[in-house]
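Fold and geometry: a report
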Amino acid sequence: METTKSSSNVLMQVENVTDSVKPNPIEAEQIPDEVLTTCKDTSPSNVENINIHVHVDVSRSQKRTDFVYSQFPLVIVTSQLTKEQIGKVNLLAKKAGGTYQGRFSSNVTHVVVKPSDSVGAHSKVCDRTLKFFMGIAKGCWIVNYTWIVDSLEAGFLKSEEDYEICGDSADDSSYYHNGPEHARCGHRGSLLSKFEICCHGNFINISHKELQDLIQMLGGTIVNNVTDFSSDTKTKKIILVEPTKRNAKYSLPKATDVNAYNRGWLFDSISMYSVQPLQKYLFA
């Protein structure tokens, strides 16, 4: 049996996730298009010098957890921002005594995202990206880029709660599911603790390792082969597959009686930070 138990060390394994994937909506039969992209982050050399006093506006942050305070200085990554916007992020991070980095790592505290084009610059809705998923899995603050702009203008760090992403653009009916807040305030790393999951076949815009990292960050157990699930009756066993017409049929061994589900189940569960009913994702 080649079952790999979840580990807290998985966060260190995602440090090498690259930012070179270009936006490309995913083909899907039963789930919305999902963008799994990150920007290639490059900081400009010329950035306006703005004086920032490190002071956190907590007047409207009564619901905050201790997470953000225990992780200061700030460690910020970005998703889908322009070169100029990334320069502003880098500036704020430095002024606040923190750092900006181009890759996700175990010490990230904030993910600054581009708001969805379909909603508007000041919206609390964004596209789904790998860093978006990782940020939720780790319980980071996931905030609209306007948090950076407004903080620079104000001269202190504005309350993240006023800028926290509340939903994603994958499904109009679930725009405001508050998944990032649920993850940040909930029991991080345990969402998939009762699941054994095997990622089977080829996937678009995301690798097996990236899928497995996400699953392990959420407490799930990785199974490397569809015939290697354990006999533990207390765990739910699923096979994840790519839901495209090109991969309409999979040759699953007859020895397995584990059902296959399209990967949209994993993405929806992460985005909403709530395990979604499996039935509607059943891959037939």
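I will try to describe carefully the structure that is included in this document.

Cut-offs used in this document
- Residues numbered from 1 in each chain as written.
- Predicted model: local features only at pLDDT ≥ 70, side-chain atom pairs only at ≥ 80, totals over all residues.
- Heavy atoms only, no water.
- Helix = DSSP H or I, 4+ residues; strand = E, 2+ residues; numbered from the N terminus.
- Buried < 20%, exposed > 50% of the residue type's maximum accessible area, 1.4 Å probe, protein only.
- Contact = heavy atoms within 4.5 Å.
- Areas by Shrake-Rupley, 256 points an atom, 1.4 Å probe, with all protein chains shown as cover.
- Disulfide = S-S within 2.5 Å.
- Pairing = 2+ DSSP bridges.
- Polar contact = N/O pair within 3.5 Å; in protein donor to acceptor, adjacent residues only side chain to side chain.
- Axes fitted to C-alpha atoms, helices over the stretch in contact; angles between N-to-C directions.
- Parallel < 35°, antiparallel > 145°, perpendicular 65-115°, else oblique.
- Left-handed = near helix turned anticlockwise from the far one by under 90°.
- Nonpolar A, V, L, I, M, F, W, Y, C, P; charged D, E, K, R; others polar.

**What to know about the overall build of the protein chain**
Helix and strand counts for the protein chain stand at eight helices and 11 strands. Split into buried and exposed, the 284 residues of the protein chain put 55% on the buried side. For the protein chain, restricting intrachain contacts to residue pairs at least 6 apart in sequence, the fraction spanning at least 24 positions comes to 72%. About 13200 Å² of surface is accessible on the protein chain, with carbon and sulfur atoms providing 47% of the total.

**Considerations on the state of the cysteines**
Such a bond, covalent and formed between the sulfur atoms of two cysteines, is termed a disulfide. Evaluated as defined, the whole model comprises zero disulfides. Distance from the sulfur of cysteine 199, which forms no disulfide, to the nearest cysteine sulfur (cysteine 198) is 6.7 Å.

**Digging into the sheet that holds strand β6 (residues 141-144)**
Strand order in the open sheet formed by four strands is β3-β2-β4-β6, with parallel pairing between adjacent strands. Strand pairing shows two members of the sheet lacking a second neighbour, β3 (99-100) and β6, which therefore form its edges.

**Thoughts on the side chain of lysine 138**
Along the polypeptide, lysine 138 turns up in helix α4 (residues 130-138). Assessed through its relative accessible area of 9%, lysine 138 is described here as buried. At a separation of 3.3 Å, a polar atom in the side chain of lysine 138 contacts the main-chain carbonyl oxygen of serine 106. From its side chain, lysine 138 meets the backbone oxygen of valine 108 in a polar contact 3.0 Å long.

**Describing the packing of helix α3 (residues 83-95) against helix α5 (residues 146-154)**
The interhelical angle for the contact between α3 and α5, taken along N-to-C directions, is 50°, at an axis separation of 10 Å. Considering their axes alone, α3 and α5 lie oblique with respect to each other. Between α3 and α5 the crossing geometry is left-handed. Residues Lys88, Val89, Leu91 and Leu92 of α3 form the contact with α5, whose participating residues are Trp147, Ile148, Ser151 and Leu152. Broken down by class, the residue content of the contact of α3 with α5 amounts to six nonpolar, one polar and one charged.

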